[in-house]
Amino acid sequence: MTTASGYGSEGYGYIDGEYVSMSEMRLPVTDLGFQLADMCYDALHVHEGRFFRMNDHLDRFEHAIAERRYDTLGLDRDDFAEILMACVGRSGLRNSMVNIVATRGSPESGHKDLRSCRNRLMVWALPYYSVVSEEETKNGCDIVVADTIRIPPEAVDPTIKNYGRLDFVRALFEAYDKEARYAVLLDGEGNVTEGRGWNIFALDSGHLISPDEGVLQGITRRTVVELAEKLNIEAKLEKLLVDRMRGAEEIFLTSTAGGIVPVKSIDGKSVGDGNVGPVTQRLTDMYWELHEDDAYTTPVEYN
Ligand SMILES: Cc1ncc(COP(=O)(O)O)c(C=O)c1O
């Protein structure tokens, strides 16, 4: 018998109105969140006992719930905040990744009328993790440009954060086949979109560019745009052709899970001189400094 250790075993959760340990979190296989990826979620983090931009995450989550038409949750902003607090509080984690997930729920019959489902909410807090390793967060990661294209926004709206991610899965296996670990996906016209769990920025002729369409409107991306303004660096959300990205002076990924992550090569070719660029480093330092700012953080109530 294996013991409860490793990813996913430590932490605390909430499902169907009850607080439970991670090993007790269970979703019925009839839930359409599982069967159809008919769900939405948000992921936020706690750094040194404080939530970062909690209200911005909950704004995005509430918008997603409304778009999915999950109207049987019966919970409001204060309820969500209380459940998030309670999960982290009970976990005792000072540094945590917290997922808040809503699913369509289970239908009343095999006919599976979506309107017959009682929507479900679950939350869980795990020890903090990054989309890449610690070493890569510090010194940079290598990415490949996948042949698999991102699911078009006309089919699935990427601004509603969701687990319908088989495009990322296929792209990641392309990366593994090339001895790489991370892949960025393009749209059907050769514009850069994003990767699993992150937005991407390129520094080109002193300007920062991050794709505007076909991507999640990341909270970390927004933070970077705000910080760039303080540095008098123009940061634009606009189309980014893959060849323009390949010629960039600096490239970095942004994610709640890891913050700002430098990219040191694309398809085996160094970005700049292959070291972490000065703009990336400055933004990273400022990003973590914001975690001590009361205007951006909410303290967790631990018992
Ligand atoms: C597809 C995708 N893009 C971008 C991001 C980054 O968003 P945020 O900065 O809000 O974490 C995520 C986060 O998980 C994501 O899943």
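Each chain carries its own residue numbering, running from 1 in the written order of its sequence. The predicted origin of the model limits local features to residues at a pLDDT of at least 70 and limits the giving and counting of side-chain atom pairs to 80 or more, whereas totals for whole chains, interfaces and linings rest on all residues.

Participant: Looking at this model, I keep getting lost on the environment of His-57. Mind explaining?
Facilitator: Strands here mean DSSP runs of E at least two residues long; helices mean DSSP runs of H or I at least four residues long; both are numbered from the N terminus. With respect to the helices, strands and loops of the structure, His-57 is situated in helix H2 (residues 54-68). The sequence separation of His-57 and Tyr-41 amounts to 16 residues, and the corresponding C-alpha distance is 9.8 Å. Filtering out sequence-adjacent residues up to four positions away, His-57 remains in contact with Asp-42, Leu-44 and Ile-219. In this description, any two residues whose backbone-derived C-beta atoms lie within 7 Å of each other are considered to be in contact.

Participant: Would you mind showing me how to read the site of the ligand here?
Facilitator: Working rule for contacts: place C-beta from the backbone, and if it is within 6 Å of a molecule or strand, that residue counts as near it. In the vicinity of the ligand there are 13 residues, among which Leu-216, Gly-218, Ile-219, Thr-220 and Thr-256 approach most closely. Elements represented by at least two residues in the shell around the ligand include exactly helix H6 (219-230) and strand S12 (250-255). Of all the elements, H6 adds the most residues to the shell around the ligand, at three residues.

Participant: What's the story with the sheet that holds strand S1 (residues 12-15) in this structure? I'm lost.
Facilitator: The pairing of strands in a sheet happens through backbone hydrogen bonds and is either parallel or antiparallel. Any two strands with at least two DSSP bridges between them are considered paired. Sheet architecture is open: seven strands sit in the order S2-S1-S6-S5-S3-S4-S15, paired in antiparallel fashion. In this open sheet, the two edge strands, each paired with only one partner strand, are strand S2 (18-21) and strand S15 (297-299). Along the sheet, successive strands turn relative to each other by an average axial angle of 25°, direction set aside. Here four bridges tie S1 to S2, and the two strands are oriented antiparallel to one another. To get an axis, fit a line to the C-alpha atoms, keeping to the stretch in contact for a helix; angles then go from 0 to 180 degrees between the N-to-C directions.

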